[in-house]
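Structural features, examined
In case you want the letters, here they are:
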Amino acid sequence: MVLSSFLFRVYLSLFVDGVLWWDEAIYASMIRDLSRRLTLRFEMPYIGAMAYRPVLYPYLAALACIATGGYSEAVVKVLTCALGVLAAIPVCQLARKLSGGKAGLIAVASLLFMPVHVFYGSRLLVNVVEATFLSAGFYFAYQAVCRLSSPYALLSGLAMGLACSTRYTAILSPFIASAWALTTRKTEVLRLAPSFLAGLLAGLAPTLAVSQVVYGSPISCFLVAFNVVQHDVPVSTARFLADTVAGLNPVLFLLAFLGVALTVKQHDRGGLLVLLWFLAYLVVFCFLTHKEARFMVSCSPAVAVLASIPFKRLLSKKMATALFIIALLAPQPVIAYKLSGRRSLGLHVAEAARYVSSRTRPWEGVLSNNYPVVRYYSDRPVVQFWPSPNQTLKALK
């Protein structure tokens, strides 16, 4: 099952689309530049891009490219697909702890064939990588509190720190885990705090170091990221919720809410952790000015675990089997729709960028309002014509 999901993602990634999206092109260009020369400082426009995109994954992917002989888009995409499906391990273990062995398999299948996880897991984006680290972090947090184990607390902090160094939205995870631990075991868990904080700081070290070099402060990167998101294109909460339900799979979303009801009714300690994980991200994202369905990849493992709970505690075997088959088949139309939705513009920009590359010399610059895609396909210095020409020209003066 894991292998089939991985191969499907690799097929989508390598043979269906190129690097055609804004964020994808930024990551791809950063990785390509790092593969040529490892550095903490980027020329325009990438200094702005790095401000709200943690550098752990670009550096990891660049090192993988260097180890294989230089930058390769295929290597980066396969690495992304592999790290995405690795979430199956902690998700399976967490679901088994909460609802038994069969629930673990259900949760894994739910996650690996969830539309939002499959689609964005086949793009050159870090959302699924963050979800993998978060899954490990919350599983280790559950084990740490249940066993009062300092090694598990250290691993939990480390995984959550690495998630934050992959994508800033993961900064919510330490607060969620800490709140759950304190309400579950109260003062008993305080002895785990030093181990957890040590692991968290170790995981955050790459991001804090780069922020210190670039901005002169280890926390400035978080403030810049929040400011960028809040001033980006606004998206209505209703549209975000509709896209979220479609992306997470409507059947699984319904099952997840059944799991929520059972968790609350039975006062399930482990289920409460997963519930807080899901609700905290959903609520915070709803209040952001700019939000996209892919943001919910951060808590897609939580939805998969919650959706596995009713299969053991509520549904009959026949009904469970029928719903599970529907849940696996439902993503296919959504994936097909998404794959065709944003392809046209990216193809035209990529074609234009290749033309620019053939008509310019390596040191000649380009001014563009779609600078990441133009930069990637032209491999020329590009100044961003964004958010407006006047602001760009004023900045250049």
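Calculation notes
- Residues numbered from 1 in each chain as written.
- Predicted model: local features only at pLDDT ≥ 70, side-chain atom pairs only at ≥ 80, totals over all residues.
- Heavy atoms only, no water.
- Phe/Tyr/Trp six-rings, centres within 6.5 Å; stacked < 30°, edge-to-face > 60°.
- Helix = DSSP H or I, 4+ residues; strand = E, 2+ residues; numbered from the N terminus.
- Buried < 20%, exposed > 50% of the residue type's maximum accessible area, 1.4 Å probe, protein only.
- Core = buried A, V, L, I, M, F, W, Y, C linked by side-chain atoms within 4.5 Å.
- Contact = heavy atoms within 4.5 Å.
- Salt bridge = Lys/Arg side-chain N within 4 Å of Asp/Glu carboxyl O.
- Expected span 1.5 Å × (residues − 1).
- Polar contact = N/O pair within 3.5 Å; in protein donor to acceptor, adjacent residues only side chain to side chain.
- pLDDT = per-residue confidence, 0-100.
- Axes fitted to C-alpha atoms, helices over the stretch in contact; angles between N-to-C directions.
- Parallel < 35°, antiparallel > 145°, perpendicular 65-115°, else oblique.
- Left-handed = near helix turned anticlockwise from the far one by under 90°.
- Nonpolar A, V, L, I, M, F, W, Y, C, P; charged D, E, K, R; others polar.

Evaluation of the coordinates by the stated rule reveals 10 aromatic pairs. Relative to Phe278, the ring of Phe257 lies with its centre 6.2 Å away and its plane at 80°, an arrangement referred to as edge-to-face. Taken together, the positions of Phe257 in helix α15 (residues 250-266) and Phe278 in helix α16 (residues 269-287) put the pair 21 residues apart, joining distant regions of the chain. The buried category is assigned to Phe278, whose relative accessible area is 2%.

So, about the nonpolar core. If you look at the biggest cluster of nonpolar residues, it comprises 96 residues, and the most contacted ones within it are Ile31, Tyr57, Phe138, Phe278, Tyr281 and Met296. Beyond its immediate stretch of four places on either side in the chain, Tyr57 contacts Ile31, Val76, Leu79, Thr80, Leu83, Val126 and Val129. If you look at the next biggest cluster of nonpolar residues, it comprises nine residues, including Phe6, Val85, Val108 and Leu112.

The full count for this structure, using the stated rule, is six salt bridges. The closest approach of N and O atoms between Asp23 and Arg294, which form a salt bridge, is 2.3 Å. Of this pair, Asp23 sits in helix α2 (residues 22-36) while Arg294 sits in the loop between α16 and α17 (300-313); the two residues are 271 residues apart in sequence, bridging distant segments of the chain. The residues Asp23 and Arg294 share a single accessibility class, namely buried. The partner of Lys77 in a salt bridge is Glu73, with the nearest N and O atoms 3.0 Å apart. Of this pair, Lys77 and Glu73 both sit in helix α5 (residues 73-85), four residues apart, roughly one helical turn. Glu73 sits in the partly exposed class, given a relative accessible area of 23%. Sharing partners across several salt bridges, the network here consists of Asp23, Glu292 and Arg294.

As a further point, take helix α10 (residues 150-164). Between its terminal C-alpha atoms α10 stretches 21 Å, which fits the 21 Å expected from 15 residues at 1.5 Å a residue. Among the residues of α10, those classed as buried are Ala153, Ser156, Gly157, Ala159, Met160, Gly161, Ala163 and Cys164. A side-chain oxygen of the first residue of α10 lies 3.4 Å from the backbone nitrogen of Tyr152; this N-cap is Ser149.

Okay, the side chain of Arg32 next. Mapped onto the secondary structure, Arg32 falls in helix α2. Residue class for Arg32 comes out buried when judged on its relative accessible area of 8%. Setting aside residues up to four positions removed in sequence, Arg32 forms contacts with Tyr71, Arg375, Tyr376 and Asp379.

Across the protein, pLDDT averages 79, with 76% of residues at or above 70. Per-element mean pLDDT across the protein ranges from 48 in helix α3 (residues 46-51) up to 95 in α10. The low-confidence segment residues 44-48, where pLDDT is below 50, has 13 contacts with residues more than four positions distant or belonging to other chains.

Following both chains from N to C, one finds helix α9 (residues 127-147) and helix α11 (residues 172-185) inclined at 20°, their axes separated by 11 Å at the closest point. When the axis of α9 is compared with that of α11, the two are roughly parallel. Considering only the axes of α9 and α11, their crossing is right-handed. Side by side, α9 and α11 meet where Leu134, Phe138, Ala141, Tyr142, Val145 and Cys146 of the first sit next to Ser173, Ile176, Ala177, Trp180, Ala181, Thr184 and Arg185 of the second. Among the residues making up the contact of α9 with α11, the classes are represented as 10 nonpolar, two polar and one charged.

Within the secondary structure layout, Cys164 lies in helix α10. For Cys164, a relative accessible area of 0% gives the class buried. With sequence-adjacent residues up to four places away left out, Cys164 is seen in contact with Pro54, Ala170, Ile171, Leu204 and Thr207.

Our focus in this paragraph is α9. With 21 residues, α9 extends 30 Å from end C-alpha to end C-alpha; this agrees with the ideal 30 Å at 1.5 Å per step. Burial within α9 is extensive, with 18 of its 21 residues counted as buried. With its phi angle positive at about 50°, Leu148 sits one or two positions after the end of α9.

Next up on the list: the packing of α9 against α16. Close contact between α9 and α16 brings their axes to 11 Å; oriented N to C, the two are set at 145°. Considering only the axes of α9 and α16, their crossing is right-handed. In this structure, α9 contributes Leu134, Ser135, Phe138, Tyr142 and Cys146 to the contact, and α16 contributes Arg269, Gly270, Leu273, Trp277 and Tyr281. Broken down by class, the residue content of the contact of α9 with α16 amounts to seven nonpolar, two polar and one charged.

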